[in-house]
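Residue-level listing of the chains:
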Amino acid sequence: MTTTETSTLISPYGGRLVDLMASPEALDDLKACANRLPSLQLSERSVCDLELLATGAFSPLDRFMGREDHQRVVEEMRLANGYVFPIPITLPVDPGTDIRLDQQVALRNARNELLAIMTVEEIYEWDLDEVSQRVFGTLDLRHPLVAEMHRWGKLSISGRLQVLQLPRHYDFQELRLMPAQTRARLEQFGRRNVVAFQTRNPLHRVHEELTKRASQEVDGVLLLHPVVGMTKPGDVDHYTRVRTYKALAQRYYDPGRILLSLLPLAMRLAGPREAVWHALIRRNHGANYLIVGRDHAGPGKDSKGNPFYGPYDAQELVGRFRDELGVDVVPFRALVYLPDEGRYEEVSRIPPQARTASISGTQVREEYLNNGRKLPDWFTRPEVAEILAETYPPRHKQGVCVWFTGLSGAGKSTTAEVLTVLLLEHGRQVTVLDGDVVRTHLSKGLGFSKEDRDTNIRRIGFVAAEIVRHGGTAVCAAVSPYRATRNDVRNMVGKDHFVEVFVDTPLEVCEQRDAKGLYAKARRGEIKGFTGIDDPYEPPHHAEITLDTVTHTPEEDAHLILDYLIQQGFVRPQMVPDVDGAQQIATPASADRHR
């Protein structure tokens, strides 16, 4: 633990900032020791957690949670010592991993870079359903973290940490301030109050107005504290976002009232609990106010199309812990633009009969960015609009993944083949990832256990996500029998760019079509773990498209998918000349066949 000198700012939670960094004098010996230890490769999420543990952002927590801390956090939002802490911070490992109690383990990142040494003091089981229900309030696999947790190890380990080096960041280094550095910079402003703004999105004029008003109301400094670790799948990448934040901070804010600092946090999207966590983290950075918006840290909608959390649940829960955490809530007030007066005003204060203007987040995407239209100056600063336009091409140039799922022999590959030709005809470049082909190349050596099947599907999903990220079209055809894994892939790709196509062909029809005789072998017991026979297939609950391959041909089904992609803007409709030579949009081939 580090001591904290007298400060005008609120003290860190627990009184001191945790400091897990090994002393410079001991580094050489510790590195030599670590090279002789067994290694554990951390996930991207655990690397983010380790960095914030090491620098005190999670104070008073000083390690990945042990059993007692974990259980009390899940049940009561408190550590074993009674301090408020709403989110479990654990290090999951798979059973069978060669890790033992009282053993030292070297913690490394995906590039095998040494980060820390852990002395293993606890190994314990955790309950996936309990964490999902209590922490996230749902078992719905459309929640990104609920789906992700299905691939976490079933054991968690905990123990003393000696951090040898923090993860290396080569971007925006001047903005990557640790809690102690952030506090030191805030001290220089000479103001007691600090208002933190948590954001994972670009800032528009309404956010600018809100943050300025919030800091002025408490005569404080704005800590513009965007998350640059792991955010919601499909969010604007942090490189684009930080460029917009820099432009705004430099040109449109009072330099005596703003500090821009980046937070390498791995968000959980836990709504109200996450908002309390954000308040705790911001206190450790020196803030005593937090702007909490509608549906703060929400993951969007569940599989039935309903929000996971209420719009003001987060504000209410942070308010309940206001006195204990010492962080007050600044509610995100609804503002609209008054074009006749050239200013923003709170909805509750709008003069009668006043003209107003507003643009929703959906309109930003669908009416402006997706159509290549420039956002108006009253809504977004020109610098921000230009950066967003560079990053977000029109919808028909954005990436999309069409994911076929269904039993073996259902017709996935055949329909995908027809769809590929139609997409090429409409000018889209396509990469086909067929399950059988992928197993020959990308997943050679994998078997058909549940673990191997999941690994295969996630590999396909990873490649598809990269294709989509770079503006391509990925057409994937794989049995992909498990619902949780498919939802995990949806989150990798981004839900707005993922089209799940359920090829709903009855088992008996698939068996009749089986040219390879695989079903017959499975029935005779010659093939074990065959999907639909002695291994389950979990059909989608809410696929974007469900196909009937019994009464419709692959061509008809492929046209149905194409129509959907045209409606969503991913494919431009073809123009054909009419009798007078003028251009008109072609009627989709399947328009009067089946919907």
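Residues numbered from 1 in each chain as written. Predicted model: local features only at pLDDT ≥ 70, side-chain atom pairs only at ≥ 80, totals over all residues. Heavy atoms only, no water.

**Q** Break down the overall build of the chain for me, with residues and values.
**A** Looking only at helices and strands, one finds 20 helices and 19 strands in the chain. For the chain, the C-alpha radius of gyration of 26 Å lies close to 25 Å, the compact-globule estimate for 595 residues. Counting only C-alpha atoms and orienting by the principal axes, one finds that the chain spans roughly 80 × 70 × 40 Å. Sorting the 595 residues of the chain into buried and exposed places 54% on the buried side. Here the analysis covers contacts within the chain between residues at least 6 apart in sequence; of these, 73% occur between residues at least 24 apart. (Helix = DSSP H or I, 4+ residues; strand = E, 2+ residues; numbered from the N terminus. Rg over C-alpha atoms; globule rule 2.2 N^0.38 Å. Buried < 20%, exposed > 50% of the residue type's maximum accessible area, 1.4 Å probe, protein only. Contact = heavy atoms within 4.5 Å.)

**Q** Could you give me a rundown of the packing of aromatic side chains, with the residues and numbers involved?
**A** By the definition in use, this model includes eleven aromatic pairs. Aromatic pair Phe58 and Phe85: ring centres 6.2 Å apart, planes at 90 degrees, arrangement edge-to-face. Of the two residues, Phe58 sits in the loop between helix 2 (44-55) and helix 3 (67-76) while Phe85 sits in the loop between helix 3 and strand 2 (91-93), which places them 27 residues apart along the sequence. Residue Phe58 is classed as buried on the basis of its relative accessible area of 0%. The class of Phe85 is buried, set by a relative accessible area of 0%. (Phe/Tyr/Trp six-rings, centres within 6.5 Å; stacked < 30°, edge-to-face > 60°.)

**Q** Describe unusual backbone geometry, with residues and values.
**A** Of all residues except glycine, most have a negative phi; of all peptide bonds, most are trans. Here the residue pair Ser59 and Pro60 is connected by a cis peptide bond, since its omega of 10 degrees sits within 30 degrees of zero. Mapped onto the fold, Pro60 is located in the loop between helix 2 and helix 3. Positive phi outside glycine occurs at Phe172, with the angle close to 45 degrees. Although it is not a glycine, Leu269 sits at a positive phi angle of roughly 60 degrees.

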